Every structure is written in C-alpha cells, then in structure tokens.
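Below are the chains, spelled out letter by letter.
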Amino acid sequence: MRERDGSVRFSHSLTQFLPGRRWISTFPTVMSGLSFTSDGSFLFLVAADIDSLGSYLSRVWQVDARTGEIIKTWEGLEGMGGSVTPDGQAYVFVHVEGDTANLHRLELATGARVPLTRFEGHSSLGPPSAAADGRVVFPQMTEQGWNLALLETDGTVRTLTQDAHFNYSPRWVDANRIVFQREHEGRWQAHVLDLTSGEPVRITDAPHLVMDVAPAGNAEVVFLNRDHFDFSLDRAPIAPVAPAEALAQAPSPAPEPAAATSRASAPYQGHTLDILTDAPYSPLERFFLPELRAPYFYALPDPDNGNKPIFYGGLALAGQDRLGFHQYALLAQMDSRLKDPSVSFSYATALTAPWYTSLTVARLVQDGRRDLQASLATSREFWTTPVSFNLLALRRDYYATDTRPAARTSLLGPEASISYFAGESTSYGGTQRGVGLSLGAGVYPLAFDDANPFADLRAEATAFLPGLPLLLRDNLQLTAIARFLPNAPEGLLQVGGIQAGTALTFREGPEDSRSLPLRLQPGISFSEYLRGYEDYALSARSVLLAQARYRYRVIIDYGWTSFFWLLPSFFISQVELEAFASWARTDLRDNHRAVGGALYLRTTFGQAVPLSLFYQYARRFDDGLGDLHLVGFAL
C-alpha cells in the first residue's frame, strides 16, 4: 500500500505456506472490488479462493489500511467484488447465480445479504461502486457491449451510457461525477461522466491503456499505466484532454432515449439454444462408439536375422460417453516373431466424484517373458492437495532359456500417497518461496512368491528460497528425502543410475555392476534419483537424501513460425545455469557425495513439444568415481 505521495506505507506477502492456511489463492487476478472506507482506515476487497473440492469460492476481506493486517473475512459469497459503502457499514458486490448476475448488499455487522436488483435470465454485471447517498453505479453488458447504469435509491435502474466503447470500472469522484475507463481510438482511457450533463470527458492519453482508474480526492485520479512488460502507477488531473465527445473515433449507434425502469432485466446475449432432446441423459450415450480407431501395421528388421523382417500389427481403440463420465482405451498387438498377443485395457469413471477411479489390466508379452498386470486406483484433491490410493497386482513369468530355468515372481499390495505444496513464483524467476511435503507408503503381503511381506515408506520435504540479492531470475531449491523398505530383500532399493533424459556419457571410475535376480523384478522398480550418480546405481534397503540446486535464468523468448522454412514452429525460451550438490547415505552407513553444474537450453517445438538440450558436469567424492560429463536432450 502506498501513501498519497507514492511512498510505500507497507508491503506484505499474502501467501501462506504451512498446512491449515486461511486461504490458498493470492494471485492479483483473483482479487476484485478494492475500495477504502471514507476515512481511509480500512480496505475491503473480494478474493476468490479454492474450496475442498477444487471449486472456486469468494470471500470479503477487511484489511487494516495502516498495518496490512487481515482483520476479518466474510465467507460464502457467490460472485465478484464491488465496493464498501463510504460509512463502512456494508459491502455491495455482484452475486452470480447460474447465468444471472445481480447486485447484493452485505451488511458487515450481521452478515445479512440483501438483493438490490432483480435481473432475470442471462445478465452480466461488472464491479459496482456505492455512493454516500446509497446510489450504486455499475457496468452492465448490453447489446452494444459494456455500458454504465445507475441504481437509484428507490430501486430503479437508469442507463448512463449506451454505445460500443467498453464503459467499465466506474468510481465516484463526488456526488455528481463518475470516473471510469472507456475505449478511445482502440485504447482504454480514463473518462469522467457528469451525471447532470451526461457527456463523458476523456482525461488521459496513455500510449497503451489505462486500468483500474480511481479518484485521489476531487482533482486527481490514479491508474495503472502499461510500461513495457509491467505497469506503472500514475496520476492525472481531472481535466479534459479533448472537448467532450469531440473524440476522433467511430461514432456509436445513436441510443434510444433511456427511460428509468424498475428492476429491468438485461437483454439476452448469445445465440438461440438448440435443444437436441428432452429425454434424460444416458451414461451409455456414444459410449460404444470409439472416438479413436487406429489399426496399424509395420515391419522392422529382425536383430537376430537381418535378412528376415518382423511384422507388427495391432488395433487401438479409445472412447467415452457424451459428457465424459466414462472413458476407456483398448490396445491389442502381436508380431510375427512371438506370435503371442499383448492386450491392455483401461477404464476410468468420474461417477465417484470427487474421487476419480480407474482400472487397468494388461497382458504384455516380450522376448523371454510375459507380464500380467492389474491396478485399481482412485484419487482426488483436497483443496490443492492430491491424495491417491492404489491396489497393485503384478505377475511376471520368465521363460526358460539355454542358460537359466523358468522363473516366476509376483507382487501384490495397496499403496497410498499424499502431497502438499504452497508457494509463490514469478514468470521468469520460478518459485521464489515455497514449501512442499509428500508422504507415500505401500504394503505388499505377497512379494516375490515369498512368505515374507515388506513395506515401502517414503517422505520428502522441499523448500524454495529466493536467489542472490538484486537478482530476480534465480532461486534455490533444497530437498530432503527419507526412504525405507522394512523387511525387503537386501539391495532392492536402487539409488542413482537414473538418467534425467537421453545423454551421451563420459565418465571416470568403475562401471555400474548392480544386478537384481529375476525373482526381484516383477515389473516395478523401487528407486530414487541421485544427481551426479546418473551413470552408477547403488543398492540399499534405506536411504537418506539431501540435495541443493541453484538456478539462474537468461531469458531469450525468441522463435520462428516455421523452422528452416519447412518444419513446424520453434521457440527458444531461456538458458538456465545451475549449480548443485547432492548427498546420500545408504543403509545408515555409506556416504555418496557429488557437486557440479549444468547448462540447459529450453525450447518448444511445434508449440506443443518441450525440448531441452543440456550439458552437466559432476564431481564425485566417493565410491572410487571421478568426473562425469553428460550431453543430451530431454522432453
């Protein structure tokens, strides 16, 4: 908040980071209806937020204008903000119910809500402004576009403007004048409307646009003025920059004489609604008509016999009902070498909302093995916190060969996970402050055809901090992970040996020699990524991980609509410079440390495929490993 002279009175971050926070969303775009009481003691606004189902809700905030403290909130509004009455006794806002918007008055002392208008049908209203005498001015969508209307104290509505020049965001200057934004020569400018003369007068000539104009006393206005990629807060006197309505712009349609009407309804906007049928909706409508029908056939050389090809063929089907409550996908394929089909089927439904439930079953055949897989999962979000449960069943059969006998392994058990994150970020600086927490657990009573069940427990905490002083495009990420597999076979947990993309590797030290017996490979791996150890895997039953990453961004934002005149569009976003350090302690006895840096080029190909080119260097201090160089790409 700023003083009248432009100096900062206070500046507070609204983001709350820990669980149990009072609100979640703090983006400027979810705030509306900022207005002060007449004595300047309090600021009122409406903030949109997210409820436990992920839907939007609105609440009124009362803010102490001296300290920035949130004094009180009023919950359960359905609509957008407006303004506090000058005496501070009530707040006038736009109540939205279905397609109909009306003005309501919230009594701050009692919480009672009183409707002020009775529009019916399709109506759209903008943020209102209340005068000391009880009148309310507000924008209203008409056939010409946004225009201003005045709600008198007796409940009648009077039209103030009726043209196609986007009249919006009105504020009272005094009892007879209103300041608002209005289009002039393709730009939004501040205008003043005298209710006695009824003629709008332009008072700004901003080069791009004016937003959120508000009076500063009776002689000046303040507004947001576009300034390159940002906005500046500017002042202008309430004085015409051109004669009233002597504006060089296309003439508006001549309005008909506006008569005061009582509780008039807004005109209908849009096309006539086409009613296909009045019959109740059937969940099977279009369900059995696949939207994707893709047979395919191709051939590849046989790696064991280059003179003989292998033929592959299959069919992919996918569909859903008309409203998307049910989705399914089927994939069947076979090749001339194995002559044994692979089939997978998945189904998901939203009928269990707010939970989303899916079932996947598959029979997959590859050279030397066959997999039978099934998974039943359900998930939902509480506010912005995802929670999921999964029942997993795997069986893998290894065929006998000349060097080993046949083998079978299985895994069956429930899994659960929850993750929480709260943070604030900038477009070019990434997450500047944030806290992330996640928990996961799995219990497997049937494991590897063995009588000994085991569990998988995992916890992770992440913190984001601003980078170096005076730099706005950098941040620091700190991560701590603890993972423990009680009663699991020795060495089941893999630490490291996971690539973050496709890369050429130049390394020093011993080769990766980790090997799991076939009975411990049921079709799922238990692993943790360790930066700096992308080429070398460690075996453990438990691990503690700590990693730090500093990132600075060099913004490019340049692209071509057609790459080399033939290929799709190509966009170069930014170059990222990173420094990192990682440490892992496996089985509470062995340390594994690495430090290094990386260079990333972030691009987008065809407006849809993110492509990153990278180089990474790592210096390892343990396990007899030396330097590691990675050059590659990641999608």
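For the structure, check the block above.
Residues numbered from 1 in each chain as written. Predicted model: local features only at pLDDT ≥ 70, side-chain atom pairs only at ≥ 80, totals over all residues. Heavy atoms only, no water.

**Brief notes about the overall build of the protein**
- Within the protein, the regular secondary structure consists of zero helices and 41 strands.
- The C-alpha radius of gyration of the protein comes to 32 Å, more than 25% above the 26 Å expected for a compact globule of 635 residues.
- Structurally, the protein occupies a C-alpha span of about 100 × 65 × 60 Å along its principal axes.
- Within the protein, residue pairs in contact and separated by at least 24 positions form 48% of the contacts whose partners lie at least 6 positions apart.
- Seen as two clouds, the 53 positive and the 68 negative side-chain charges of the protein have centres 5 Å apart. (Helix = DSSP H or I, 4+ residues; strand = E, 2+ residues; numbered from the N terminus. Rg over C-alpha atoms; globule rule 2.2 N^0.38 Å. Contact = heavy atoms within 4.5 Å. Lys, Arg positive; Asp, Glu negative; His and termini not counted. Charge placed at Lys NZ, Arg CZ, Asp CG, Glu CD.)

**Description of a nonpolar patch on the surface**
- A surface patch of nonpolar side chains, amounting to about 640 Å² of accessible area, comprises Leu330, Val343, Phe345, Leu359, Val361, Leu376, Leu391, Leu412 and Leu446.
- Residue assignment for the nonpolar patch shows that the elements contributing at least two residues are β24 (342-349) and β25 (356-366).
- Turning to its location among the elements, Leu376 is positioned in strand β26 (residues 369-382). (Patch = residues over 30% accessible without salt bridge, like charges linked within 9 Å, V, L, I, M, F, W, Y side chains within 5 Å. Areas by Shrake-Rupley, 256 points an atom, 1.4 Å probe, with all protein chains shown as cover. Salt bridge = Lys/Arg side-chain N within 4 Å of Asp/Glu carboxyl O.)

**Section: the pairing of strand β4 (residues 70-77)**
- Where strand β3 (residues 56-64) and β4 come together, five bridges link them in antiparallel fashion. Note that in β4 the partner of Gln62 across the bridge is Lys72.
- If you look at the hairpin formed by β3 and β4, you'll find five residues sitting between the two strands, and Gly68 has a positive phi there, around 85°. (Pairing = 2+ DSSP bridges.)

**Some points on the pairing of strand β41 (residues 627-634)**
- Inspection of the sheet shows strand β34 (residues 502-507) paired to β41 by six bridges, in the antiparallel sense. When the sheet's bridge partners are listed, Arg507 is paired in β41 with Leu628.
- Two strands pair when backbone bridges link them, and strand β40 (residues 609-620) and β41 are joined in this way by eight bridges, in the antiparallel orientation. Within β41, the residue paired with Arg619 across the bridge is Asp627.
- Where β40 hands over to β41, the hairpin turn is made up of six residues, of which Asp623 adopts a positive phi near 65°.

Note that all results are geometric; they support no functional claim without further evidence.
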